[in-house]
Amino acid sequence: MEFETIPTVPTADEVLDRSLRRAAAKKKLKTNIDKANEEFVRAVGSAIHDKLKSVVSSFPSFERLPPFYQEVTDILVSLDRIKKSLGAVSWAADQARIVGSGYTRSMRSGVDTDQKRRQAVARIASIVHQVEDDLAFLNEARNILRKLPHVSEDEFTVVVAGFPNVGKSSFIRLVSTAEPEIAAYPFTTKGVIVGHREIGKRDRIQFIDTPGVLERPADERNPIEKQAVSAIINTADVVLFILDASEHCGYSIDDQIRLQDEIRQLVDVPVETVVNKADIRGIEGYPAMSTLTGEGVDEVLDLLLTYRKEATQTNLREPPQPETQE
């Protein structure tokens, strides 16, 4: 996943300090004071340009990312803010090189090179400090985004949805490699959690545990809920909606059914509804399971696997698309 490779974004002072030390080392190689000053300014402008450009290039092209990652980035840190900060840092990189080159040319006359060196460094430092807040924001964004799980586009994906504390994480833990935190209070899951289950020797399916979603208008949902909705819309091949018939989750069956209906309207993939905590209470007409006792969990898993089998057979029946001629 591309966010994992983004290195720590340096502060403005760190960029300047590294560049000035590198330039000072090059200056020492020149015995002529005027040539040394010229080399120092050239090296400072070049080093700052290269470092700031490397910051920009370390972030992925967001337009090329899958829709899920684009939406989650926007939810967590604001995609527009990232683009603006990357643009500002790129501008500062270009300006540092332009100012450095301009002063370098003016210093070839050999007049007042010490003063011009100080002026050049002051102007370049001012440019870097203009994007100080942008560098700090990008590092904060980097620290948030690199914690996102890897969601594969190539694997059959089951997204588990429902109100908080209905047993989504417990189900995921029983059927996949994911190890979400489980507790008897809502919103234990603070973000999307991904697990896998091996199918045979060469295949596997992907399970996504989503934070609990509340039945309320989209503009009133918090970032945790918005992540869940994005995962449901953008990654699911089938949605498993879990009901808590006991209502021990703190939400009525009517509220849960309304949320289920809303999710059905959001997606174009199958939505299977299953009642959890069936050891306490079930609902006629729905598959039942208990993630506490394990009763019915294998049957629910088998039900989900039928959709994977259907998808595989459909893909095998579809003829390959001919290549378009340019």
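The sections below set out a description of the structure shown in this document.

Cut-offs and rules
- Residues numbered from 1 in each chain as written.
- Predicted model: local features only at pLDDT ≥ 70, side-chain atom pairs only at ≥ 80, totals over all residues.
- Heavy atoms only, no water.
- Patch = residues over 30% accessible without salt bridge, like charges linked within 9 Å, V, L, I, M, F, W, Y side chains within 5 Å.
- Areas by Shrake-Rupley, 256 points an atom, 1.4 Å probe, with all protein chains shown as cover.
- Salt bridge = Lys/Arg side-chain N within 4 Å of Asp/Glu carboxyl O.
- Lys, Arg positive; Asp, Glu negative; His and termini not counted.
- Charge placed at Lys NZ, Arg CZ, Asp CG, Glu CD.
- Helix = DSSP H or I, 4+ residues; strand = E, 2+ residues; numbered from the N terminus.
- Expected span 1.5 Å × (residues − 1).
- Buried < 20%, exposed > 50% of the residue type's maximum accessible area, 1.4 Å probe, protein only.
- Contact = heavy atoms within 4.5 Å.
- Pairing = 2+ DSSP bridges.
- Axes fitted to C-alpha atoms, helices over the stretch in contact; angles between N-to-C directions.
- Core = buried A, V, L, I, M, F, W, Y, C linked by side-chain atoms within 4.5 Å.
- Parallel < 35°, antiparallel > 145°, perpendicular 65-115°, else oblique.
- Left-handed = near helix turned anticlockwise from the far one by under 90°.
- Nonpolar A, V, L, I, M, F, W, Y, C, P; charged D, E, K, R; others polar.

Judged by side-chain charge, Asp-279, Glu-295, Asp-298, Glu-299 and Asp-302 come together as a negatively charged surface patch. With respect to the element layout, Glu-295 can be found in the loop between strand 5 (271–276) and helix 10 (297–317).

For helix 6 (residues 132–145), with 14 residues, the first-to-last C-alpha span of 20 Å sits near the 20 Å given by 1.5 Å per residue. Along helix 6, the residues classified as buried are Asp-134, Leu-135, Phe-137, Leu-138, Asn-139, Ala-141, Arg-142 and Leu-145. Elements in contact with the buried residues of helix 6: helix 1 (12–27), helix 2 (33–58), helix 3 (67–77), helix 4 (79–106) and helix 5 (113–130).

Let us now look at the sheet that holds strand 5. Strand order in the open sheet formed by five strands is 2-3-1-4-5, and the pairing between neighbours is mixed. Looking at the sheet topology across the chains shown, the edges are occupied by strand 2 (193–199) and strand 5. Taking each pair of neighbouring strands and ignoring which way they run, the sheet shows an average axis angle of 25 degrees. For strand 1 (residues 157–161) and strand 3 (residues 203–209), the ladder comprises four bridges, and the chain directions are parallel. Opposite Val-158, over in strand 3, you have Phe-207 as the bridge partner. Each of strand 1, strand 3 and strand 4 (238–244) touches helix 8 (residues 223–235); the most contacted strand, strand 1, lies at about 150 degrees to it. On top of the sheet, helix 9 (residues 253–266) reaches strand 1, strand 4 and strand 5; it is set at about 170 degrees to strand 4, its chief contact.

Residues Ile-48, Ile-82, Leu-138, Phe-171, Phe-207 and Leu-240 are the most contacted members of the largest nonpolar core, which totals 83 residues. The dominant element in this core, judged by the number of residues it contributes, is helix 4, at nine residues. If we skip the residues at most four places from it in the chain, Ile-48 touches Val-15, Leu-16, Ser-19, Ala-96, Ile-124 and Val-128.

Closest axis-to-axis distance for the helix 4/helix 5 pair is 9 Å, and the angle between their directions is 175 degrees. Taken together, the axis directions place helix 4 and helix 5 in an arrangement best described as roughly antiparallel. In this structure, helix 4 uses Trp-91, Ala-92, Gln-95, Ala-96, Val-99, Gly-100, Tyr-103 and Ser-106 to contact helix 5, whose residues at the interface are Lys-116, Gln-119, Ala-120, Arg-123, Ile-124, Ile-127 and Gln-130.

Turning next to the pattern of salt bridges. Enumeration over the complete set of coordinates arrives at 13 salt bridges. With its nearest N and O atoms 3.3 Å apart, the salt bridge here joins Lys-84 to Asp-80. Here Asp-80 and Lys-84 lie together in helix 4, a separation of four residues that amounts to about one turn. Take Asp-80: its relative accessible area is 44%, and that puts it in the partly exposed class. When salt bridges with common partners are traced through the structure, they connect Glu-38, Glu-39, Arg-42 and Arg-108 into a single cluster.

This part takes up the pairing of strand 4. Among the seven residues of strand 4, seven are classified as buried, and the element is accordingly described as predominantly covered. Side chains Val-238, Leu-240, Ile-242 and Asp-244 of strand 4 all project onto a buried face; the interleaved residues Val-239, Phe-241 and Leu-243 project onto the opposite face, where all are buried too. Bridge count between strand 1 and strand 4: four bridges; the pairing is parallel. Counted as the bridge partner of Val-159 is Val-239 from strand 4. In terms of strand pairing, strand 4 meets strand 5 through six bridges, oriented parallel. Counterpart to Leu-240 in the pairing with strand 5 is Glu-272.

Before going further, it helps to examine the packing of helix 1 against helix 2. Across the interface, helix 1 lies against helix 2 with an axial gap of 8 Å and an inter-helix angle of 145 degrees. Read as a crossing pair, helix 1 and helix 2 show a hand that is right-handed. Only Ala-36, Asn-37, Glu-39, Phe-40, Ala-43, Val-44, Ala-47, Ile-48, Lys-51 and Leu-52 of helix 2 make contact with helix 1, whose side of the interface consists of Val-15, Leu-16, Arg-18, Ser-19, Leu-20, Arg-22, Ala-23, Ala-24, Lys-26 and Lys-27. Taken together, the residues of the contact of helix 1 with helix 2 break down into 12 nonpolar, two polar and six charged.

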